[in-house]
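Architecture and fold: a report
Residue strings, one per chain:
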Amino acid sequence: MEKDKVIRVSGLGASFGDLVVLSDINFSVYKGEITVILGASGSGKSTIFRHLLGLLSVRKGSIEILGKNISALTEKEQLNLYLQMGVFYQSGGLLNSMTVGENIALPLKQHTYLSESLIEEIVYMKLGLVNLQHAYHFFPAELSGGMLKRAALARAIVMDPPLLFCDEPGAGLDPISLASLDELIVNLKNQLGISVIMVTHEVTSIMRIADRIVYLENGNVAFEGSLKDALSSDVASVNQFFSVIEEADKFRR
């Protein structure tokens, strides 16, 4: 039986002046899976991400998120929908003037009427999920790169969103910290049932965490399917992308 679709992109197109960035993009994201959007620089990954997050308006085609056409929503309906979408930014996106606990609590204070004591309890719980409870009173500048990413991940899930968007989450991390972050994301997917949509160039991460691959080439979807199928794909660009890890293995041997 096919899993529920949490995102469906149909015929999405995008142009900036005479430059066509996306052309008839079609793909789906399924409930409880980690879907990784791949492609070379300029293939349209960031443009798709911006459309999904509502940062760019849909001019051609349609995007359905959690069963709702995002172009047909009122402003209030859009806000309610986007509160169900956690975003994990590449830089972390934490405010340096606030402690880790205050950063993570911010969405709860802005969008709920929960008491201060309950908010604090929720924040500690989310920090526990990312093994960072001890850093509640730290400032972002006092965190290592890996800790900063985990704090950003805690903030992204503080509202218990069914969808988590990750923009190059492992950028700048050493291999050990990257593996630890990958493990956390997979654990959160399994524990909380979150559906993850990720853009990353880290081949080792993709091999560890991806359930599904969407590969873009020149503004089109060149491949959509499971990681297993991607690894045996006869699409030249997809095959070349994943051959990088094989070459690295040969070099180590």
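A short tour of the structure in this document, coming up.

Cut-offs used in this document
Residues numbered from 1 in each chain as written. Predicted model: local features only at pLDDT ≥ 70, side-chain atom pairs only at ≥ 80, totals over all residues. Heavy atoms only, no water. Helix = DSSP H or I, 4+ residues; strand = E, 2+ residues; numbered from the N terminus. Buried < 20%, exposed > 50% of the residue type's maximum accessible area, 1.4 Å probe, protein only. 1 Å grid on protein atoms, 1.4 Å probe; cavity = no way out; pocket = protein on both sides within 12 Å on 5 of 7 lines; lining within 4 Å. Points joined across faces, edges and corners; volume = space filled by probe spheres on them. Nonpolar A, V, L, I, M, F, W, Y, C, P; charged D, E, K, R; others polar. Pairing = 2+ DSSP bridges.

The phi dihedral of N131 is positive, around 60°, even though this residue is not glycine. Relative to the assigned elements, N131 resides in the loop between α4 (116-129) and α5 (145-156). For N131, a relative accessible area of 53% gives the class exposed.

Here we take up empty space enclosed by the protein. According to the stated counting rule, one finds one cavity of 30 Å³ or more in the structure shown. Looking at the lining of the largest cavity, the element that brings in the most residues is helix α6 (residues 175-192), giving three residues. Class assignment for the residues of the lining of the largest cavity results in four nonpolar, three polar and one charged.

A word on the layout of surface pockets. There is about 520 Å³ of room inside the largest pocket. Residue lining of the largest pocket: 18 residues in total, with Y82, M85, G86, V87 and Y89 positioned closest to the centre. Only α2 (75-82), β6 (85-88), α3 (100-111) and α5 provide two or more residues apiece to the lining of the largest pocket. Take the lining of the largest pocket: its biggest share by element is four residues, from α3.

Let's shift gears to the sheet that holds strand β1 (residues 5-16). In space, the four strands of this open sheet follow the order β2-β1-β4-β5, with antiparallel pairing throughout. Strand pairing shows two members of the sheet lacking a second neighbour, β2 (19-30) and β5 (68-69), which therefore form its edges. Pairing between β1 and β2: eight bridges, direction antiparallel. Residue pairing across strands places I7 opposite V29, the latter belonging to β2.

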